[in-house]
Amino acid sequence: MGAYVEPEREKLAAEATAAVVNALDSGTPVGLVARFQELVHRSKHRVRESGTAEDWHAWQRASELYGDDVLGWRHRLRLLLHIDAPFAAELRALLAEFEPPVVEERLGTVHNAVSGGSAGSVVQAGHIGAVTVQAPASSPARPAADGWPRADRLRRLGLGVRPTRRLLGATALPPYVARDCDDELSVLVRQAAHHGGLVIVTGGPLSGKTSTAWAALRASVAGDSRVFVAGGGADLRDLPDQLRGRDATGTHVVWLDDLDAHLEEPGIPGLLAQLTHDRVVVLATMRDEAYDRHRFGHHPAARVLGIARTVEVPAEWSEAELARLAAADDPRLADAVRWRGSLGVTEFLALGPDLWEEWRRARRAGSRLLGHLLVRAAIDLARCGLTRGVTAKLLSQVKDEYGQAAAITSDETFDETFDEALAWATAPRHGVTGLLVPGEWPGTWRPYGSLIADADRSEPPVPDRVWIRAYEGLEPHDAAELDGLVAAFRSALEPRAEGGDAHAMTWLGLLAEHAGDTAAAEDWFRQAADHGSSRAAGRLGHLLATRVAYGEAVPYLTAAADAGETGAAALLGQVHQHLAAHYFRIAEAEGDVSATRRLKGLLRPTGRPGDDALDPHLD
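Residues numbered from 1 in each chain as written. Predicted model: local features only at pLDDT ≥ 70, side-chain atom pairs only at ≥ 80, totals over all residues. Heavy atoms only, no water.

Some words on the sheet that holds strand β10 (residues 444-447)
- Pairing in this open sheet of 3 strands is antiparallel, and the strands run β8-β10-β9 from one edge to the other. Taken across any chain shown, the strands that pair with only one partner, and hence form the sheet edges, are β8 (390-391) and β9 (436-438).
- As paired elements, β8 and β10 share 2 bridges and run antiparallel to each other. Its bridge partner lying in β10, valine 390 is registered against tryptophan 445. (Pairing = 2+ DSSP bridges. Helix = DSSP H or I, 4+ residues; strand = E, 2+ residues; numbered from the N terminus.)

Now the structure itself:
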């Protein structure tokens, strides 16, 4: 949002602020304040529902900074007039309803005196003569600068720090973690507080410039120091007037986030030089590329930037900084340690909420549903332990495992192609990262780490079919990943199995069987069968029959066959055939002639009686 505000809107904001303040002071007109609050609430709702993310973030910054402070009303009105087109007409209509009564026009000269306070707008009719505004000698007007917000009441969100995930019972932002440059920056701010000066914190996008500057300010000036926070659209030209007559014993700070947005305005470089000469602290932030562009060459701001003291905040954290991060007691910072990947900590914390919200909202039927499902597949596969990246083919297969959403979304019903969906999911946000990022091998993808952390907290468990798809879809070179996946799946299943979940018991038996642990597989299958799982009964019957425990296998195979489990009936018949042959041989040895005749009926077509090995084709 640009720094320029149209004069008409500026005037409207000033008139509305004056009307509300006068109404609060006088108690009349009665309905103006309530109607005004309702109007602002409606406009804020429009910005949140229909405006851009930048507009909503700007409003949140203004609300965090000023709260219910009357001094901030004019700023917030200017902001709404800029970002919400219908608000201007609604505000004019409201003010028109509550216009002050018309003073009866008289001929002659009108003399007015306002005593014991101050006057905003003085409206006179007829011939305008002398106007006297007289303040009591005992109560001189307070300089505007001495009414700026106190330094100890400034909040990081109000200064432009991007919000992180909101956790139940946690503060809005995680605690600040000290950076290596903090001491140097604090020294520069303290020097500026004594002598005046321009201090600039530079760095890349989302490197933590604003938080670092805030921490230095809090550590370096007294809590009652006054701070002017120049939000978007702020007019800096009246700062000298606001500072005139200020308390010379106090510290006054001008905070300029994204300084380059102001340097393009005529006269601002000279204004900054004047402020520093007048022993005001100017604390600013700039992106590295913006600082270089204005500092070097022939830009009008080059000279004033040349006298500034600068501190650079790198996006990449040092080992010492990471050690302090790991020691911090906040789950969001713990997530940053674990999931940030190759990105910086502040990038992880700042981008996480935006990435999650964009992905979540894309789940609605429409142009991004396929992209949403691909990202969901990647998130769930990562939660299964496949954190190094998976192929696009596996993502496409897994997306079909999401119940009703997948059932209605064949390739023909999506509003985007697979390539378009993948391009959307991988496109960098804020020039930093996409929802999906390249995996460890060429042609593979994985979700950005904050999505995994958020899903672990708010999404239901990974469906069992996704685990199986992952197991079946891994390439031969993924042996290490496979081991990790099996271990993670087992950890997810065991609590459910202990709670009596027959489905979980069955999967634990299958995992043990695939690992070659037959004893553990039989144990899990037996427990699951006793809890009513016909599939487990069939698998247990197969294992028992394989090791020629036919008598034990029969009841389990019978239960599976009666439930319609594929292959159970054929295997049960074969088991009975082996049992029959076994007992006919015993009877034959005892001299039973009928047993000999019946045994011949069980001979194979080759004429050889079947042995005790099961026919593998009946598995």
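Here we look at the environment of glycine 449
- Looking at the element boundaries, glycine 449 is found in helix α20 (residues 449-458).
- Separated by 114 residues in sequence, glycine 449 and aspartate 335 have C-alpha atoms that sit 8.4 Å apart.
- With residues up to four places along the chain from it excluded, the contact list for glycine 449 reads Trp339 and Phe348. (Contact = heavy atoms within 4.5 Å.)

Some points on the nonpolar core
- In this structure, Val375, Leu381 and Leu395 are the most contacted members of the largest nonpolar core, which totals 88 residues.
- The greatest single-element share of this core, amounting to 10 residues, is contributed by helix α16 (residues 369-383).
- Among residues more than four places away in sequence, those in contact with valine 375 are Trp359, Trp424, Ala425, Leu435, Leu436 and Leu451.
- Counting residues in hydrophobic clusters, the runner-up holds 28 residues, among them Ala284, Ala301, Val304 and Leu305. (Core = buried A, V, L, I, M, F, W, Y, C linked by side-chain atoms within 4.5 Å. Buried < 20%, exposed > 50% of the residue type's maximum accessible area, 1.4 Å probe, protein only.)

Re helix α6 (residues 182-195)
- For α6, with 14 residues, the first-to-last C-alpha span of 20 Å sits near the 20 Å given by 1.5 Å per residue.
- Taken as a whole, α6 has its buried residues at Asp182, Leu185, Ser186, Leu188, Val189 and Ala192. Take α6 and look down its axis: the buried residues cluster within an arc of 160°, on one side only. In α6, the exposed positions angled more than 90 degrees off the buried face are occupied by Asp183, His194 and His195.
- Here the buried face of α6 lies against β3 (197-203), α7 (209-220), β6 (281-287) and β7 (309-313).
- Positive phi shows up at glycine 196, right after α6, with a value of about 85°. (Expected span 1.5 Å × (residues − 1). Arc of directions from axis to C-beta.)

Points about the side chain of threonine 433
- Considering the arrangement of structural elements, one finds threonine 433 in the loop between α19 (418-426) and β9.
- Among the residues examined, threonine 433 registers a relative accessible area of 3% and is labelled buried.
- If we ignore the near neighbours within four places in the chain, the residues touching threonine 433 are Leu343, Leu351, Leu355, Ala427, Pro428 and Tyr448.

Quick word on the environment of aspartate 84
- Within the fold, aspartate 84 resides in the loop between α4 (73-83) and α5 (87-97).
- Setting aside residues up to four positions removed in sequence, aspartate 84 forms contacts with Ser43, Arg46 and Val47.

Structural notes on the sheet that holds strand β4 (residues 226-229)
- The sheet built from 5 strands is open, its strands ordered β4-β5-β6-β3-β7 with parallel pairing. Either end of the sheet is taken by a strand with one partner, and the two such strands are β4 and β7. For this sheet, the mean inter-axis angle between neighbouring strands, taken without regard to orientation, is 20°.
- Relative to β6, strand β5 (residues 252-256) runs parallel, the two sharing 4 bridges. Residue pairing in the sheet places tryptophan 255 in a bridge with leucine 283 of β6.
- Contacts from α7 reach β3, β4, β5, β6 and β7, with the element oriented near 160° to β6. (Axes fitted to C-alpha atoms, helices over the stretch in contact; angles between N-to-C directions.)

Quick look at unusual backbone geometry
- Unusually for a residue other than glycine, aspartate 258 sits at a positive phi of about 55°.
- In this structure, aspartate 258 sits in the loop between β5 and α9 (260-263).
- A positive phi angle is found at valine 548, which is not glycine, with a value near 60°.
- Counting through the fold element by element, valine 548 comes out in the loop between α25 (534-546) and α26 (550-562).
- Among the residues examined, valine 548 registers a relative accessible area of 42% and is labelled partly exposed.

A short note on the packing of α26 against helix α27 (residues 568-589)
- The contact between α26 and α27 brings their axes to 9 Å, and the two run at 150°. Taken together, the axes of α26 and α27 lie roughly antiparallel to each other. Crossing of α26 over α27 shows left-handed handedness. Contact residues: Tyr550, Val554, Leu557, Thr558, Ala560 and Ala561 in α26; Ala568, Ala569, Leu571, Leu572, Val575, His576, His578 and Leu579 in α27.
- In the contact of α26 with α27, the residues fall into 11 nonpolar, 3 polar and no charged. (Parallel < 35°, antiparallel > 145°, perpendicular 65-115°, else oblique. Left-handed = near helix turned anticlockwise from the far one by under 90°. Nonpolar A, V, L, I, M, F, W, Y, C, P; charged D, E, K, R; others polar.)

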